[in-house]
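Here is how the chains run, residue by residue.
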Amino acid sequence: RDTEMEEAEVQAALAMSVADIRAALRECGSDGSGLIEKREMARELARLRVQRTRHYQSPKPQGGGAESGAERRSQLALLAEMGFTDEAENAELLRRFDGDVDQVVKHVLKR
């Protein structure tokens, strides 16, 4: 499950410039030290983003309760950082998949 998502993240990162990858690594809390090759940087960025996605995944609501507004905004921001910028579609998919960012990413990538 994480492997598919991580490979998609690697491909997205490889489409970025080296400077943008380094900036994204810094945003994820890594200075990227020791990473020289673009592919190494892309893999590290992918690993960090998948890790962050797992962190933002919330357990399924027990009583069908809604996500908090702050949590939903964080999920939308994460999806945008990952390159999924259609906020209206992302919000709808987060509702459909009960806030499961991983499922949203898989759904969008399957199209």
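These figures come from a predicted structure and were not determined experimentally.

S.K.: Is there a simple way to think about the environment of E40 in this case?
M.R.: By the secondary structure assignment, E40 is in helix 3 (residues 38–56). The class of E40 is partly exposed, set by a relative accessible area of 37%. For the pair E40 and L14, spaced 26 residues apart in sequence, the C-alpha separation works out to 9.9 Å.

S.K.: How should I be thinking about the packing of helix 5 (residues 87–96) against helix 6 (residues 101–110) in this particular structure?
M.R.: Relative placement of two packed helices is described by the angle separating their axes and the distance separating the axes. Following both chains from N to C, one finds helix 5 and helix 6 inclined at 120°, their axes separated by 9 Å at the closest point. Relative to helix 6, the element helix 5 is oriented oblique. Along this stretch, helix 5 crosses helix 6, giving a crossing that reads as right-handed. Between helix 5, through L93, L94 and R96, and helix 6, the contact on the second element is made entirely by V101, V104, H107 and V108. Classifying every residue of the contact of helix 5 with helix 6 gives 5 nonpolar, 1 polar and 1 charged.

S.K.: Got a minute to help me understand helix 4 (residues 69–81) in this structure?
M.R.: Turn by turn, an α-helix covers 3.6 residues, leaving residues three or four places apart pointing in a common direction. Taking 1.5 Å per residue as the helical rise, helix 4 with its 13 residues ought to reach 18 Å, and the 18 Å between its terminal C-alpha atoms agrees with that figure. Buried residues of helix 4: R72, Q75, L76, L78 and L79, and no others. Taken end-on, helix 4 shows its buried residues confined to a sector of 160°, consistent with a single buried face.

S.K.: I'm lost on the nonpolar core in this one. Help?
M.R.: Inside soluble globular proteins, nonpolar side chains tend to come together where they are buried. Counting residues in each nonpolar core, the largest one holds 14 residues, and the members touching the most others are L79, M82, F84, L94, V101, V104 and V105. Elements supplying a minimum of two residues to this core: helix 4, helix 5 and helix 6. Dropping the residues within four chain positions of it, L94 is found in contact with R72, Q75, L76, L79, G99, D100, V101 and V104.

Thresholds, definitions, all that
- Residues numbered from 1 in each chain as written.
- Predicted model: local features only at pLDDT ≥ 70, side-chain atom pairs only at ≥ 80, totals over all residues.
- Heavy atoms only, no water.
- Helix = DSSP H or I, 4+ residues; strand = E, 2+ residues; numbered from the N terminus.
- Buried < 20%, exposed > 50% of the residue type's maximum accessible area, 1.4 Å probe, protein only.
- Axes fitted to C-alpha atoms, helices over the stretch in contact; angles between N-to-C directions.
- Parallel < 35°, antiparallel > 145°, perpendicular 65-115°, else oblique.
- Left-handed = near helix turned anticlockwise from the far one by under 90°.
- Contact = heavy atoms within 4.5 Å.
- Nonpolar A, V, L, I, M, F, W, Y, C, P; charged D, E, K, R; others polar.
- Expected span 1.5 Å × (residues − 1).
- Arc of directions from axis to C-beta.
- Core = buried A, V, L, I, M, F, W, Y, C linked by side-chain atoms within 4.5 Å.

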